[in-house]
Amino acid sequence: MTLTTIERHIIQEERKLGPTTGTFTNLLYDIAVAAKVISREVRRAGLNDIIGGTGDVNVQGESVQKLDVYSNELLIGMLSRSGRVCAVGSEELPRPVIVPEKWAGKYVVNIDPLDGSSNIGVNASIGSIFSILPKKSDGKIAQDTDCLQAGSQQLGAGYVMYGSSTVLVYSTGHGVYGFTLDPTVGEFVLSHNQIRFPDRCKYYSINEGYSAYWDAPTRDFIAWAKSVDKQGRRPLSHRYIGALVADFHRNLIDGGVFLYPRDSREPQHTNGKLRLLVEANPIAFLAEQAGGTATTGTERILDVVPSDLHQRVPLVVGNRAEVATYQEFARKAAA
Ligand code: FBP
């Protein structure tokens, strides 16, 4: 019986690309190790003083959770002292961490250390998200701008979901693979090979509580998703966990479309809630690798040129046909 651990899989994948230094392999493995440690803490949440807020407010204006801080410090500690990374952009920090020359490597990593923070205290699924980019600036020391690259520049991306089991899903541009953490051996083992969106779209995922603030394309799309069609493909069923990683993972495996659109609530939601660099770009990279689509409604997510580490974008991602229907409503609304 062969056991395909994530380390073995990454090496096999990298060998497909020809002679390599193994640095990329080791970087992905660093993230896998950090995921195991965070998973250990999540599994004991409620017993280890990791639930609840720190009393601080982060750069997003959100109350900081203890697990946000723990995951952020762990991931930055692992990445910035690996000799493989030159800059880390984190959802939790106002500016990128620029790695000192002594430790600086050739990759840039943008992270959402703990996704779905509002689920921590109620033991619902949460996650971590990562996006790997090449260093662009000259010189040994990175610049803040190294983190501000379009999603199309990503060399790899993935997420970890801390749910009924801990699953790590990643892509380096050659398909999407899922690994489940086997706590009995402490290894991520291949459980989902070459993941593709199924043809049939079963679910739509959106926070319906904000429907009063939706724009016309979103209102029209959700009305369409709930309408009955003769072939029995609709209405789509509604599912919403409130953690991007968990909602996307379900839709990737079972077929679905996730939406966090722009809405007319307070100013900061005119561009939606989700962050381009640490949420939308890595999820869009995986979606396209799995045969799906990711859009702002009018623009391919991976083509959006970033101007700020924490900029937000509207996100519609999932099965190709359903996302195209949303884009059609957006085109009509703009006409
Ligand atoms: P963070 O928890 O990393 O801030 O992520 C934002 C997020 O929790 C997403 O995971 C999720 O899709 C969305 O916000 C839920 O927002 P809302 O509670 O407004 O539906």
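Small disclaimer: the values here were computed from a predicted structure and weren't measured.

The rules behind these values
Residues numbered from 1 in each chain as written. Predicted model: local features only at pLDDT ≥ 70, side-chain atom pairs only at ≥ 80, totals over all residues. Heavy atoms only, no water. Buried < 20%, exposed > 50% of the residue type's maximum accessible area, 1.4 Å probe, protein only. Helix = DSSP H or I, 4+ residues; strand = E, 2+ residues; numbered from the N terminus. Pairing = 2+ DSSP bridges. Near = heavy atom within 4 Å. Polar contact = N/O pair within 3.5 Å; in protein donor to acceptor, adjacent residues only side chain to side chain. Areas by Shrake-Rupley, 256 points an atom, 1.4 Å probe, with all protein chains shown as cover. 1 Å grid on protein atoms, 1.4 Å probe; cavity = no way out; pocket = protein on both sides within 12 Å on 5 of 7 lines; lining within 4 Å. Sits in = over half its atoms within 2 Å of the grid points. Nonpolar A, V, L, I, M, F, W, Y, C, P; charged D, E, K, R; others polar. Disulfide = S-S within 2.5 Å. Points joined across faces, edges and corners; volume = space filled by probe spheres on them.

(A) Representation of the pairing of strand β3 (residues 85-90) within the structure. Taken across its six residues, β3 has six buried, putting it largely inside the fold. Pairing analysis gives five bridges linking β3 to strand β5 (residues 107-115), with the strands arranged parallel. Within β5, the residue paired with A87 across the bridge is V108. Direction of pairing for β3 relative to strand β4 (residues 97-98): antiparallel, over a ladder of two bridges. Residue V88 lies in a different strand from β4, and its bridge partner there is V97. Linking β3 to β4, which pair antiparallel, is a turn of six residues.

(B) Examining the site of the ligand more closely. Looking at the ligand, there are 19 residues lining it, with D115, N207, Y240, L244 and Y260 nearest. Taking Y240, its side chain carries an N or O atom lying 2.6 Å from an oxygen atom of the ligand. Its free accessible area being 480 Å², the ligand has 91% of it covered by the protein chains. Judged by the proximity of its atoms to the pocket grid, the ligand belongs to the largest pocket. At the level of secondary structure, the elements contributing two or more residues to the shell around the ligand comprise β5 and β13 (256-260). The element contributing the most residues to the shell around the ligand is β5, with three residues. Across the shell around the ligand, the residue classes break down as eight nonpolar, four polar and seven charged.

(C) Focus on the state of the cysteines. Summed over the entire model, instances satisfying the criterion amount to zero disulfides. Of all cysteine sulfurs in the structure, the one in C147 sits closest to C86, which takes part in no disulfide; the separation is 7.7 Å. Overall, C86 belongs to the buried group, its relative accessible area being 0%.

(D) Fine view of empty space enclosed by the protein. Under the criterion given, the structure shown has three cavities of 30 Å³ or more. Estimates place the volume of the largest cavity at around 60 Å³. I31, A34, A35, I38, L75, L79, I111, S128, I129, F130, V160 and Y162 together form the lining of the largest cavity. Of all the secondary-structure elements, those providing two or more residues to the lining of the largest cavity are α2 (23-43), α3 (66-80), β6 (126-134) and β7 (156-162). The element that contributes the greatest number of residues to the lining of the largest cavity is α2, accounting for four residues. Split by residue class, the lining of the largest cavity holds eleven nonpolar, one polar and no charged.

In short, the description is geometric, and any link to function would need to be established separately.
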